[in-house]
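Fold and geometry: a report
So you can see what is in the structure, the chains are spelled out below.
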Amino acid sequence: MTHSHRKAKSRFEYFRMDVPARHRAAVGKTSWQHSLETSDPQVAAIKRAEWTAFYKAEVKRLDDELARQESMAAEALVDAAIAKMVDRNGSPDAVMVALLNILALHVRSSWGVEHAQAAERHFRISAISTDEDDLPPTVPVLVTDAERDRFALQAKLFEGRGATDGFIHQQLARRLLAQEGWAHIEIPLLAISHHAGEDFKVGTARYNAVAKHFLHRLAKHRFGHWPDGLMDALSPLTDPAKADLPVPSSPPAPSAGLTGKGNPVSEVFADWRVASKAREKSKDEFATAINQFIDLFGDMPVQLISRSIVKEFSTALLSRPTRPAPNIRRLPLRDQIALAAEQGLPLVSPKSAKKALQALKSVLAHAVDNEWIESDPSLKVSIQADDDMGDDRLPFDEDQLQLIFSQPTLVDPDVDDDTIFWFFLLAPFTGCRGEELAQLRPYNVRCEGGVWFIAIERDRKAKRQEIARTGGIQKGVKTKTSLRKIPLHPLIVKAGFLKFVEHQKDRDAEWLFDNMSANTKYSKRYTALSQKLNRRLRSFGIADSEFVFHSFRHSLKRFLRDDDRTKEEISDLLTGHSFAPSVGRKYGSGAGLRTLNAAIARIAYPEVDWGPVAASGLKRVERLTISEEQ
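Residues numbered from 1 in each chain as written. Predicted model: local features only at pLDDT ≥ 70, side-chain atom pairs only at ≥ 80, totals over all residues. Heavy atoms only, no water.

**So, the overall build of the protein**
- Along its length, the protein carries 28 helices and six strands.
- When the 630 residues of the protein are sorted by exposure, 44% land in the buried category.
- Across the protein, the fraction of contacts at a sequence separation of at least 24, relative to all contacts at a separation of at least 6, is 68%.
- By element, 51% of the accessible surface of the protein is carried by carbon and sulfur atoms, the whole surface being about 33,500 Å². (Helix = DSSP H or I, 4+ residues; strand = E, 2+ residues; numbered from the N terminus. Buried < 20%, exposed > 50% of the residue type's maximum accessible area, 1.4 Å probe, protein only. Contact = heavy atoms within 4.5 Å. Areas by Shrake-Rupley, 256 points an atom, 1.4 Å probe, with all protein chains shown as cover.)

Structure follows, in structure tokens:
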């Protein structure tokens, strides 16, 4: 925490920053304080920023030094504990074999009763694991049954044989070290704790440092009893490239014109990100996809990416679990894919996989544009998405609409806030996307020729310049055809919506719905409300995840499609969908407000009793008026 203040007897501003508690002993004080030697607030602000940056760098240096000392202390502790074991047993190799055996027994026991009992038989331990409750939590290495069975067979063949002891079990230590799986070795680490005379609390810096060095010692030890050539002879058994999961094809040899290491895909993506005019959210989504590519194939130069690698990446994208649990999401992507196949987890949609593949395609196209590669290996690789024609959300049926609009949220003015009420009421009669409603300003509701309508439009130029100057959320639209006018249905007017709009104008509200939290990074106002609205639907009894708030848009689209008097072009104009008009239709494209109004006025959901809903809207508006008068 930093701040500046003026002491009672000084005309200068003073800087103060609290020293983090963990460093106070080393620094010898609880805060850093300096005179800024100025009484000018602006100059003081600049100097305060400079001192803040200086001491933040100092905190980082102190943190690094603390981590270095912790690491050195942990190394000394582990080395001393292992030395004690060697003194008692007389052989470093014997101690390392014993510790690896403890680790292997622990890991294999976490895979289930059968694996636990097999490991106990192998180590000649009396069978004690007869119930899942007796077993440790699953250690996420070698996640498929095939991998685990193969490992058990390898251990049976090569562990406990003398000359090859430790070779197979070391792969567990290596994998846990690579995964930073410190929390999974609390039991094996008890051997170090016992000989060091110190208990380690899982999750602390001390524990993590000790666990890291312990695994490092196990993973890197080279046994004196191994015969010459053992590594070369048996390395295929523990080579990840021989695992059940698909692995990248061998990259082609660099072309004659390539010098050095080429351009790593991460660097090409970073260059694309700077040059691209894509939305920030799209850039972040592409960054996730590129990180998944690197997870699978490493940060290889784009010059070495072949068509076969692109195809393997596309296959892997389709094989990922969708919305995995945190413990799965932390696994390497190959392990996630294996787990999804083994457990039958739901996979990402082809549409999502296609978007992720597009990230790699964009990077490779950028590499071509910059003449870093001669041709794009992804050109003929694609993912066929069943939902290419649009999203796969379903429209609500008659029973669902009746259920939704009979809920207290819609008929009781004292339940839920006004924003949620108006979103639910507007959605089936406007077909607006959630973000379109969230970005409405009061003046976006207007009247022309006696027709009230919602204008889905960009901010006026002066407003855009003001936002660019002062910061804030810029309004945006999904596509050019999203810009449109949507007449208000008579029921919306009857429910008092125009009075609500007038109230917001009188308040000089920036947004029509101004009680929403916003995501300023992506200029989005709807994200948090979207989750809230969908939770309301679930609480109403709409349990199927294919039915979401966006389903109202599909309900409107279905009604317009079924209405013989509404042409497809009018339906597309109202919902902001693109259409391909004939040459003749391109002349005088669009439609007048009266034509659009007639189509909207015909919308009816007769299964719903709208009277209580409209009455609730009026009471909400009356309450706002009374509150304002008071």
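There's plenty left to go through after this.
**As for a negative patch on the surface**
- Taken together, the side chains of Glu114, Asp145, Asp149 and Glu342 make up a negatively charged region of the molecular surface.
- Within the secondary structure, Glu342 is located in helix α14 (residues 333-343). (Patch = residues over 30% accessible without salt bridge, like charges linked within 9 Å, V, L, I, M, F, W, Y side chains within 5 Å. Salt bridge = Lys/Arg side-chain N within 4 Å of Asp/Glu carboxyl O. Lys, Arg positive; Asp, Glu negative; His and termini not counted. Charge placed at Lys NZ, Arg CZ, Asp CG, Glu CD.)

**Comments concerning the packing of aromatic side chains**
- One pass over the structure, following the stated rule, counts 34 aromatic pairs.
- Measuring from centroid to centroid gives 5.1 Å for Phe223 and Trp226, while their planes differ by 40 degrees, and the two rings are tilted.
- Under the relative-accessibility criterion, Phe223 is labelled buried at 5%.
- Residue placement shows Arg334 over the ring face of Phe297; its charged tip is 5.8 Å from the ring centre.
- The ring centre of Trp511 lies 3.9 Å from the NZ or CZ of Arg441, which sits over that ring. (Phe/Tyr/Trp six-rings, centres within 6.5 Å; stacked < 30°, edge-to-face > 60°. Lys NZ or Arg CZ within 6 Å of the ring centre and 35° of its normal.)

**Here's the deal with the environment of Leu99**
- Of note, Leu99 is situated in helix α3 (residues 92-109).
- Taking the C-alpha atoms as reference points, Leu99 and His169, separated by 70 residues in sequence, lie 9.8 Å from one another.
- Not counting chain neighbours up to four residues away, the residues in contact with Leu99 comprise Ile82, Met85, Ala191, Phe214 and Leu218.

**Some points on the pattern of salt bridges**
- Summed over all chains, the structure comprises 24 salt bridges.
- Arg68 serves as the salt-bridge partner of Glu65, at 2.7 Å between the closest nitrogen and oxygen. Linking Glu65 with Arg68, this pair stays in helix α2 (residues 41-89), spanning three residues, or about one helical turn.
- Look at Glu65 and you get partly exposed, because its relative accessible area is 25%.
- Connected through salt bridges with shared partners, the residues Asp414, Asp418, Arg620 and Arg623 form a single ionic network.

**Let's talk about unusual backbone geometry**
- Located in the positive-phi region is Arg323, a residue other than glycine, with phi close to 45 degrees.
- Along the polypeptide, Arg323 turns up in the loop between α12 (307-318) and α13 (326-329).
- Overall, the relative accessible area of 80% leaves Arg323 in the exposed class.
- Phi is positive for Asp508, close to 60 degrees, though the residue is something other than glycine.
- With respect to the element layout, Asp508 can be found in the loop between α22 (497-506) and α23 (527-540).
- Owing to a relative accessible area of 68%, Asp508 belongs among the exposed residues under this scheme.

**A closer look at the nonpolar core**
- Residues Trp422, Phe423, Phe424, Leu425 and Phe497 are the most contacted members of the largest nonpolar core, which totals 57 residues.
- Per-element accounting of this core gives the leading share, nine residues, to helix α18 (residues 418-430).
- When sequence neighbours within four positions are dropped, the list of residues in contact with Phe497 reads Trp422, Leu426, Val445, Leu488, Ile492, Leu512 and Phe513. (Core = buried A, V, L, I, M, F, W, Y, C linked by side-chain atoms within 4.5 Å.)

**Concerning helix α8 (residues 205-220)**
- Compared with an ideal rise of 1.5 Å per residue, which puts 16 residues at 22 Å, α8 spans 22 Å between its outermost C-alpha atoms and is within 8% of the ideal.
- Those residues of α8 not exposed but buried are Tyr207, Ala209, Val210, Ala211, His213, Phe214, Leu215, Leu218 and Ala219.
- At its buried positions, α8 is contacted by α2, α3, α6 (170-179) and α7 (190-196). (Expected span 1.5 Å × (residues − 1).)

**Notes on helix α27 (residues 593-601)**
- Turning to α27, its buried residues are Leu593, Leu596, Ala599 and Ile600. Around the axis of α27, the buried residues are gathered within 125 degrees of arc, so they sit on the same side.
- Summarising the contacts, the buried residues of α27 are in contact with α18, β4 (445-448), β5 (451-456), β6 (484-487), α24 (551-562) and α25 (568-575). (Arc of directions from axis to C-beta.)

**Some words on the sheet that holds β4**
- Strand order in the open sheet made by the three strands is β4-β5-β6, with antiparallel pairing throughout. Pairing within the sheet leaves two strands with one partner each, and these edge strands are β4 and β6. In this sheet, adjacent strand axes meet at a mean angle of 40 degrees when their direction is disregarded. (Pairing = 2+ DSSP bridges. Axes fitted to C-alpha atoms, helices over the stretch in contact; angles between N-to-C directions.)

What is shown is where atoms sit, not what they do.
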